[in-house]
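Structural overview
Below, each chain spelled out in residue letters.
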Amino acid sequence: MNDAIWTPSQERINASQLHQFQQYLNERYHISFENYASLHQWSIVNRELFWESMWTFSDIRSSTPYQAVLTNGDKLPGSIWFEGARLNYSENLLKYRDNQTALVSLLENGQRRTLSYSALYSQVEQLAAALRQAGIKSGDRVVGFMPNIIETVVAMLATTSIGALWSSCSPDFGINGVMDRFGQIEPKILFATDGYFYNEKAINTLPRLTSIREKITSLEKVIVTPLVNPNPSIADIDNAILFDDFLIKENTPALLFEQLPFNHPLYILYSSGTTGVPKCIIHSAGGTLIQHLKELKLHTDINRDDTFFYFSTCGWMMWNWLVSGLACGCTVVLFDGSPFAGKGRILIDAIDNENISVFGSSAKFIVALEKSAIKPRETHQLKQLKTILSTGSPLAHESFDYIYRDFKQDICLSSISGGTDIISCFALGNPTLAVYKGELQCRGLGMAVEIFNDNGNPVYQQKGELVCTKAFPSCPIGFWNDASGETFHNAYFNLYDNIWAHGDYGEITDNNGLIIHGRSDAVLNPGGVRIGTAEIYRQVEKIDQVLESIVIGQEWQGDVRVVLFVILREGITLDEQLINHIKQTICSNTSRQHVPSKVIQVDDIPRTISGKIVELAVKQVIHGQPVKNIDALANPQTLELYKSLKELAIP
């Protein structure tokens, strides 16, 4: 059994909201739980009691009570949650209206702004009045081509207060990437800035904004926030107006929160688009709200005293997860720019400067910090920091060691996993459980997560397909422009009837934690042995000369051979000695089947705009297959590096 690398004190356990929730259940239903595993099992068997208790415990505001917690509960998709209830997502995020700081906005260039809960409410009120005056109503689409700043949050809250749908993408998207997304949903209003800062550069987005306005004919207004230039020239953009001028500041009508069904559409998020045009995933207001409250309050232990940060662009679901922190009454810290600015220390500085207690990033960011020899415990105080969150890809054992060695010893390091598909998580952190290297602490409450083998049977301590066997509130409503539901069904329910197949290759451990071994469509199969790509990445990350890598399987003489591409540190060239070192490191810690047949040096790795590496695209290129949607990639030109590599020639 893997030894715990951190165990919470009894004091921390007793103070946690998860512990308080268990006491609440005990008082309400006269039940007690031996451990978290028994609580999780109860939450699955008694799903209606669990989610009803979560509704009450988290003080969800609604104008009309629900008539039933779960209707048609054995159907996935097709179940109906909290039928009869009428509520508003924005109202639940704005239930605190005092002078505590709600938002801190940080830019790479050093700009810092804050907004109290009271001031946030006032700005949302002024913007919602302007949107209503512009004709926006429930069901309309409003979009943001925005960096992660205060105005983005205000725009989302104002939009959703009306019952309109919010959708956003980062301003580093190209024209085609924006059109592939916003062009499908026909928005009426577009929020944007004149530019953004990244890598010590000011990037002007007005030319792209002009083109977007021309191409999306449904747009009626473009609202521009000055960011790079205090007086941007927007005269060439049809029906454009500056954000501050658009607000209704005098005789502002009182903010009216449209009361809508639990399942009313809230957000439209997008699949990566690497296998075709991005799918427009519709998420409900109630499902998003109650799921996020569960994850933030119980699994992350966020309360009014916390300062919560997650590095994310507005094109990643972690932004939606982050801003739901407002429903907990905490201070939410926004950052826009390169996370590696300031010699890689800009976000570490923010932990001290803003007294961040819950800090979230990607696994890639943590690896990059370690490879840059950054040791925050030697240079920073980190006094309030109690939790570090990681997602985006599996967090390697060595990254766990790095955090506890070079960050802070008394900290809950929670690797979490879910996705855009469910706007939430299947596996999460837990303030009452020990942390084990390489493992996600637990399966989420109310989420019937299992690992299925090739025969569709649940297995433990074996690798297989991650599934969810019971209905859950944040299951998407469906896809936009998919009236029959066929595309939606094929995406998640084609593998197993009435069971959500997530597309992750994972394993439940003897600690009842989870290990994610990679995406199912990237699983390698040399000699008939199934290998998750994360198993190889973990070993390669140990090698100091290697900055990044990507691994795929190449069809070879009737079998599959493993091919590893590596980006090396500046000045280092791949030679036989380094190749042997890489292979030996992988072999010594895994098996012979994991060892790549080929190790090839490359200058870049293709990734999505949200930063995830795209194994499937590389695999398609080296097999001479078309990559269906080049525009989904942040750096599509990189694919040229993988075409016609002599090292991959098949005799």
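Whatever comes next refers back to the structure up there.
The following paragraphs examine the structure supplied in this document. (Residues numbered from 1 in each chain as written. Predicted model: local features only at pLDDT ≥ 70, side-chain atom pairs only at ≥ 80, totals over all residues. Heavy atoms only, no water.)

**Side note on the overall build of the chain**
What the chain contains, in helices and strands, is 20 helices and 34 strands. A compact globule built from 651 residues would reach a C-alpha radius of gyration of about 26 Å, and the chain, at 24 Å, matches this within 12%. Structurally, the chain occupies a C-alpha span of about 75 × 65 × 55 Å along its principal axes. Looking at the chain residue by residue over its 651 residues, the buried ones come to 60%. For the chain, the share of sequence-separated contacts (at least 6 apart) that also reach a separation of at least 24 residues comes to 70%. As displayed, the chain offers around 25,100 Å² of accessible surface, 44% of which is attributable to carbon and sulfur atoms. For the chain, the separation between the mean place of its 54 positive charges and that of its 69 negative charges on side chains is 1 Å. (Helix = DSSP H or I, 4+ residues; strand = E, 2+ residues; numbered from the N terminus. Rg over C-alpha atoms; globule rule 2.2 N^0.38 Å. Buried < 20%, exposed > 50% of the residue type's maximum accessible area, 1.4 Å probe, protein only. Contact = heavy atoms within 4.5 Å. Areas by Shrake-Rupley, 256 points an atom, 1.4 Å probe, with all protein chains shown as cover. Lys, Arg positive; Asp, Glu negative; His and termini not counted. Charge placed at Lys NZ, Arg CZ, Asp CG, Glu CD.)

**Some thoughts on the layout of surface pockets**
Space inside the second largest pocket adds up to approximately 610 Å³. Asn 35, Tyr 36, Ala 37, His 40 and Leu 433 are the residues nearest the centre of the second largest pocket, which is lined by 33 residues in total. Those elements that provide at least two residues to the lining of the second largest pocket are helix 2 (17-29), helix 3 (36-45), strand 25 (435-436), strand 26 (442-443) and strand 27 (449-452). Considering every element that reaches the lining of the second largest pocket, the biggest residue donor is helix 3, with 5 residues. For the lining of the second largest pocket, the per-class residue count stands at 15 nonpolar, 14 polar and 4 charged. (1 Å grid on protein atoms, 1.4 Å probe; cavity = no way out; pocket = protein on both sides within 12 Å on 5 of 7 lines; lining within 4 Å. Points joined across faces, edges and corners; volume = space filled by probe spheres on them. Nonpolar A, V, L, I, M, F, W, Y, C, P; charged D, E, K, R; others polar.)

**A few points about the environment of His 594**
Turning to its location among the elements, His 594 is positioned in the loop between helix 19 (576-589) and strand 34 (598-601). Apart from the residues lying within four places of it in its own chain, the contact partners of His 594 are Ile 531, Glu 535, Ile 536, Val 562 and Ile 586. At 3.0 Å, the side chain of His 594 forms a polar contact with the side chain of Glu 535. (Polar contact = N/O pair within 3.5 Å; in protein donor to acceptor, adjacent residues only side chain to side chain.)

**Concerning the sheet that holds strand 26**
With antiparallel pairing, the 3 strands of this open sheet are ordered in space as 23-24-26. In this open sheet, the two edge strands, each paired with only one partner strand, are strand 23 (417-419) and strand 26. With 2 bridges joining them, strand 24 (residues 424-428) and strand 26 adopt antiparallel strand pairing. Its bridge partner being in strand 26, Ala 427 is matched across the sheet by Arg 443. (Pairing = 2+ DSSP bridges.)

**Some points on empty space enclosed by the protein**
As enumerated under the stated definition, the model contains 2 cavities of 30 Å³ or more in all. Estimates place the volume of the largest cavity at around 60 Å³. Classifying every residue of the lining of the largest cavity by side-chain character gives 7 nonpolar, 4 polar and no charged. If you go around the second largest cavity, the residues you meet are Arg 12, His 299, Thr 300, Thr 387, Cys 412, Ser 414, Asn 430 and Pro 431. For the lining of the second largest cavity, the class distribution of residues is 2 nonpolar, 5 polar and 1 charged.

**Let's talk about unusual backbone geometry**
Between Leu 76 and the following residue, Pro 77, the backbone shows a cis peptide bond with an omega angle of 0 degrees. When you line up the elements, Pro 77 lands in the loop between strand 3 (68-71) and strand 4 (80-83). One non-glycine residue, Phe 82, adopts positive backbone phi at about 50 degrees. Here Phe 82 is to be found in strand 4. Positive phi is not limited to glycine here, since Asn 512 has a value of about 65 degrees.

**Focus on the packing of aromatic side chains**
A full pass over the atoms with the stated rule returns 39 aromatic pairs. Taken together, a centroid distance of 5.8 Å and an interplanar angle of 65 degrees make the contact between Phe 33 and Trp 42 edge-to-face. Judged by relative accessible area, Phe 33 falls into the buried class, the value being 16%. On the accessibility criterion, Trp 42 (13% relative accessible area) is buried. Connected via pairs of aromatic rings, a cluster forms that spans Phe 21, Tyr 24, Phe 50, Trp 51, Trp 55, Phe 57, Tyr 66, Trp 81, Phe 82 and Phe 262. Against the face of Tyr 96 rests Arg 304, its NZ or CZ located 4.1 Å from the ring centre. Arg 304 extends its terminal NZ or CZ atom over the ring of Tyr 117, reaching a point 5.3 Å from the ring centre. (Phe/Tyr/Trp six-rings, centres within 6.5 Å; stacked < 30°, edge-to-face > 60°. Lys NZ or Arg CZ within 6 Å of the ring centre and 35° of its normal.)

**Section: helix 6 (residues 117-133)**
Between its first and last C-alpha atoms helix 6 spans 24 Å; for 17 residues at 1.5 Å apiece the expected length is 24 Å, and the two agree. When helix 6 is considered as a whole, its buried residues turn out to be Tyr 117, Leu 120, Tyr 121, Val 124, Glu 125, Gln 126, Leu 127, Ala 128, Ala 129, Ala 130 and Leu 131. Looking at the buried side of helix 6, the elements it contacts are helix 5 (89-93), strand 6 (101-107), strand 7 (112-116), helix 7 (150-162), strand 10 (189-193) and helix 10 (243-246). (Expected span 1.5 Å × (residues − 1).)

**Quick word on the pattern of salt bridges**
Scanning the entire structure with this criterion turns up 20 salt bridges. With its nearest N and O atoms 3.5 Å apart, the salt bridge here joins Lys 188 to Asp 140. Placement of Lys 188 in the loop between helix 8 (175-185) and strand 10 and of Asp 140 in the loop between helix 6 and strand 8 (141-145) is noted, with a sequence separation of 48 residues between them. Residue classification places Asp 140 among the buried residues on the basis of a relative accessible area of 6%. A salt bridge links Lys 437 to Asp 401; the nearest nitrogen and oxygen atoms lie 3.3 Å apart. Within this pair, whereas Lys 437 is found in the loop between strand 25 and strand 26, its partner Asp 401 is found in helix 16 (residues 397-407), the two being separated by 36 residues in sequence. (Salt bridge = Lys/Arg side-chain N within 4 Å of Asp/Glu carboxyl O.)

**Structural notes on the pairing of strand 22 (residues 412-415)**
With burial as the criterion, each face of strand 22 is covered, one bearing Cys 412 and Ser 414 and the other bearing Leu 413 and Ser 415. Note that strand 21 (residues 387-391) and strand 22 share 4 bridges and pair parallel. Counted as the bridge partner of Thr 387 is Cys 412 from strand 22. In this fold, strand 21 hands off to helix 16, which returns the chain to strand 22; that crossover is right-handed. (Right-handed = clockwise from strand over helix to strand, strands pointing away.)

**Details of the packing of helix 2 against helix 4 (residues 47-57)**
For the pair helix 2 and helix 4, the least separation of the axes is 11 Å and the interaxial angle reads 115 degrees. One element, helix 2, and the other, helix 4, form an angle in the roughly perpendicular class. Between helix 2 and helix 4 lies a crossing whose hand is right-handed. Together, Gln 17, Gln 20, Phe 21, Tyr 24, Leu 25, Arg 28 and Tyr 29 of helix 2 and Leu 49, Phe 50, Glu 52, Ser 53, Met 54, Thr 56 and Phe 57 of helix 4 make up the contact between the two elements. Here the contact of helix 2 with helix 4 is built from residues that sort into 8 nonpolar, 4 polar and 2 charged. (Axes fitted to C-alpha atoms, helices over the stretch in contact; angles between N-to-C directions. Parallel < 35°, antiparallel > 145°, perpendicular 65-115°, else oblique. Left-handed = near helix turned anticlockwise from the far one by under 90°.)

**A few points about the state of the cysteines**
Scanning the model with the defined rule gives 0 disulfides in all. Considering cysteine sulfurs only, Cys 475 is the nearest to Cys 468, which forms no disulfide, with 8.7 Å between them. (Disulfide = S-S within 2.5 Å.)

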